[in-house]
Structures are given as C-alpha cells and as structure tokens.
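# Architecture and fold: a report
As a plain string of letters, each chain reads:
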Amino acid sequence: MKLLIVEDEIRIREGLCKLLGKQFPEIEIAAVAENGLEGLAYLEFHKPDMVITDIKMPGMDGLEMLTKAQALGLFPKVIVLTAYSEFAYAQQAVRLGVVDYLVKPIVMQEFIQTVRKLQALCEQERRRTPETVGSLESILAGTLHSGALLDQETADFLEKAYKLGPDDRLLELLFYLGDGFASERESVRRRIERLLNGWEMDGFCLIDVEYDKSVLALVYGYASRQNFEAWYQYQVRLWQRESPEQNLGFGITEIPGASQIREGYRQLEEYMDWSLSLGEGTLISFPEITRIQTEVCVYPH
C-alpha cells in the first residue's frame, strides 16, 4: 500500500514521515512533495493508494491538485490537512475523494485513527472480486468510497441493467451499528432486506461501510419520499421494540442522482450524533435535522 505526502512545511512533512514509519511500517511512503505541482507529478508516476495533502500551498493548492488528478483518471483515498480557518473550504472537497480532514496542529491519536480508516477502505476495495465489478452494489460502492463521477458507459449500464437513470432520485438509509458491526452486520443486513422488500420500488442495494461501522441502503424507483419516510419511521420504531438489545442509529436523506451518493452520505453522517441526544429509535432525517435549534443551559453551581 503506497502513500504520497504533499505538504509545504518541512517540519510537518518530516513529522508525518516519522510518525507513519513508526505506527504504520507496512505503508510505503512512495514520495514526499512540497506543493501541488510536485504532488501531481508524483501522483501520475507512483499512482499511490493514499494521499495526505495540505490545502494551501504555493504554485498549486491541494484541491486543484486532486481535481487535475481526477482528470487523469486517478482517484486515491485522501486525507486533507487544514488550518481551522480553512475548514469550511476543506469540506467542499468531498467530491474529490477526501475521506477525512485533520485540523492543524495534528493530534497524534486522531491521525492514527484516520490513517487506519483509509487502510480499511483500501482493503475493502481490494477484496472486490471480478465477478462483482458489474453489480449495482459494486458500482455504487465505488462512487461512495472514491467520490468518482460515473462515466457515460457506466451510467448507460446502470440504466439498462437496473433501471437506474443518471437523474433518478435515491434515498440513502444509514444504519449505524457501532461496536456491534462485526457481530451483527449479517443479521442487520437480512432485516434491512426483508424490510425493503415490503415497499414498492424499482430496486435497492446494501453497502457495508466498514470504516464507519455502518450499513448503507440505497433505494430508487419509489413514488414518494414523504410516504416512504412515514412508513420507514414506523418500521424503525417497530424494529427497536422487537430488538431492544440492538443499539442502532437510523438516518435517511434523499439525493438527486447516483453521482451525489458520497456527498449525501457525508451530510447525513455529520448529523448522526444527534441519535445520542434524541434517543434510540430516532430517525435522523436530512435536511430536516438541520432545523433543530439548540440553547445554552446554565446549571447552578
């Protein structure tokens, strides 16, 4: 597994190299670049699995580098390093394959966890067999994990084979399993399949998101989001009553097409923590969840 570091500050470059060498000896640091221009050249030459890049650099910034890399057909998994003041700008990079962000100064434990997340994602993609490359799940999982846009040939194939057009709306249903992911994933997947088979639609598929300990269901060809969501909310409550031992988080959002899967997932994931405050069995619906208002509570000393 190869990694490229793109960072204009020498102390950060050297620090990342030392930390990676100590914590992840199995990862090969293919190259180290001082700016986006060098980084793009190394990306094209080495074709690394992972990239750690700063955003603002002289000559070419990190996001421009990633945009040009995608134009060359390169879609590595990316961690963006950002100053706090640049964080909103960094969030725009979801479509460029950015898996996560680290705000400077970097906290070692957060860095280690984020690199492990990238490793798990790369390993998950490597386990895809040739027989599954043309499956609906495999194609949409590739869009989710890499952020790559669907080319015309793939879009035509989805429409012909699965009746999923490029502008067909999809529902994303997120099931967060947490620490129960490894032990409960199969039973949860079976229950999701039984649940979705009870609603009239053109189709659906399930994607395991191992690094986030979640299962994502993508539903398309339904008549009404409002009707589906009302039915789904009832099913969520029923699920919790029947299986109180399963501590799951539930989320739902709608996206305007398959090319938006990654952005929809990241938006929904951002608000899943509200499940802790609102209680088990709560369905986190985006963008409705953004209308919640918070107030500061001052407790007496």
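Residues numbered from 1 in each chain as written. Predicted model: local features only at pLDDT ≥ 70, side-chain atom pairs only at ≥ 80, totals over all residues. Heavy atoms only, no water.

Here we come to the nonpolar core. Leu20, Ile52, Phe111, Leu140 and Leu218 are the most contacted members of the largest nonpolar core, which totals 45 residues. If one sorts the elements of this core by residue count, helix α5 (residues 108–126) sits on top with six residues. Beyond its immediate stretch of four places on either side in the chain, Leu20 contacts Leu3, Ile5, Pro25, Ile29, Ile52, Phe111 and Val115. (Core = buried A, V, L, I, M, F, W, Y, C linked by side-chain atoms within 4.5 Å. Buried < 20%, exposed > 50% of the residue type's maximum accessible area, 1.4 Å probe, protein only. Helix = DSSP H or I, 4+ residues; strand = E, 2+ residues; numbered from the N terminus. Contact = heavy atoms within 4.5 Å.)

For the rest of this paragraph, the subject is unusual backbone geometry. The peptide bond linking Lys104 to Pro105 adopts the cis configuration, its omega dihedral lying at -5°. Phi at Lys47 takes a positive value of approximately 50°, unusual for a residue other than glycine. Position of Lys47 relative to the elements: it lies in the loop between α2 (36–46) and β3 (50–54). Even without a glycine there, the phi angle at Lys163 is positive, about 60°. Relative to the helices and strands, Lys163 is located in the loop between α7 (152–162) and β6 (170–176).

On to the pattern of salt bridges, then. Evaluated as defined, the whole model comprises 13 salt bridges. Between Lys213 and Asp179 there is a salt bridge whose closest N-O contact spans 3.3 Å. Of this pair, Lys213 sits in the loop between β7 (203–209) and β8 (214–220) while Asp179 sits in the loop between β6 and α8 (181–196), placing them 34 residues apart in sequence. The exposed category is assigned to Asp179, whose relative accessible area is 74%. Among the salt bridges present, the one from Arg189 reaches Asp208, with a minimum N-O distance of 3.0 Å. Of the two residues, Arg189 is situated in helix α8 and Asp208 in strand β7; the sequence distance between them amounts to 19 residues. Overall, Asp208 belongs to the buried group, its relative accessible area being 13%. Taken together, the shared-partner salt bridges connect Glu7, Glu9, Asp54 and Lys104 into one network. (Salt bridge = Lys/Arg side-chain N within 4 Å of Asp/Glu carboxyl O.)

Strand order in the open sheet formed by five strands is β7-β8-β6-β9-β10, and the pairing between neighbours is mixed. Sheet topology places β7 and β10 (283–286) at the edges, where each strand pairs with a single neighbour. Averaged over all pairs of adjacent strands, the angle between strand axes in this sheet comes to 20°, irrespective of strand direction. As paired elements, strand β9 (residues 249–255) and β10 share four bridges and run parallel to each other. Bridge pairing links Ile252 to Ser285 in β10. The sheet contacts of α8 involve β6, β7 and β8, and relative to β7 the element is tilted by about 170°. This element, helix α10 (residues 261–270), spans β6, β7, β8, β9 and β10 of the sheet and lies at about 45° to β6. (Pairing = 2+ DSSP bridges. Axes fitted to C-alpha atoms, helices over the stretch in contact; angles between N-to-C directions.)

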